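# Coordinate inspection notes
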Amino acid sequence: MYFASVRVITNDVARLVEFYEKATGVRASWATEDFAEIGTEGATLAIGSTRTVPLFAPGSARPADNHSMIIEFLVDDVDRVYENLAGFVTDFVNKPTTMPWGNRSLLFRDPDGTLVNFFTPVTPEAVAKFGR
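Keep in mind that this is a model prediction, so the values were computed, not measured.

### Remarks on the overall build of the protein
Helices and strands together make up the secondary structure of the protein, namely four helices and eight strands. Written out in order from the N terminus, the α and β elements of the protein read β-α-β-β-β-α-β-α-β-β-β-α. Over its C-alpha trace the protein gives a radius of gyration of 15 Å, about what one expects of a compact globule, namely 14 Å for 132 residues. Seen through its C-alpha atoms, the protein measures out along the principal axes to roughly 45 × 35 × 25 Å. Within the protein, buried positions represent 36% of all 132 residues.

Printed below as a string of structure tokens:
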């Protein structure tokens, strides 16, 4: 089995793609105006329009209604990333904070309200876990 991607459904694909391009520094690959992907070394974030939902099952996904998922990105220096994001992220949940499991984490919400965590391993155990 291969974990291909996590897909976020939105009413405004262009807005959400622009946000994640700025946040990650990765250019999106567009398949159609209703679907784009932000491909990183470890995973792909797919962004799909509400117009794609009926192709799977009508009403099966609702945009901007996620309260159970956190999209996570491993970054080299979360404190530096925080400074770069401060110009356009409007909803920070916390500033960079060292967590009990050894990652320094920055939590914020994307324009649709989905939680995003940028983190940097800082303890020897966390660094070893992520191979950096």
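Once you've had a look at it, read on.
### A short note on the side chain of Glu 21
Among the secondary structure elements, Glu 21 is positioned in helix H1 (residues 13-24). Within the buried core, Glu 21 has no salt-bridge partner, and the shortest N-O distance to an opposite charge, that of Arg 27, equals 4.1 Å. If we ignore the near neighbours within four places in the chain, the residues touching Glu 21 are Val 26, Arg 27, Ala 28 and Ile 38.

### A closer look at H1
Across its twelve residues, H1 extends 16 Å between first and last C-alpha, which sits within 8% of the 16 Å expected from 1.5 Å per residue. Within H1, burial applies to Val 13, Leu 16, Val 17, Phe 19, Tyr 20, Glu 21 and Ala 23. Just downstream of H1, Gly 25 is the residue with a positive phi angle, here 75°.

How each quantity is defined
Residues numbered from 1 in each chain as written. Predicted model: local features only at pLDDT ≥ 70, side-chain atom pairs only at ≥ 80, totals over all residues. Heavy atoms only, no water. Helix = DSSP H or I, 4+ residues; strand = E, 2+ residues; numbered from the N terminus. Rg over C-alpha atoms; globule rule 2.2 N^0.38 Å. Buried < 20%, exposed > 50% of the residue type's maximum accessible area, 1.4 Å probe, protein only. Lys, Arg positive; Asp, Glu negative; His and termini not counted. Salt bridge = Lys/Arg side-chain N within 4 Å of Asp/Glu carboxyl O. Contact = heavy atoms within 4.5 Å. Expected span 1.5 Å × (residues − 1).

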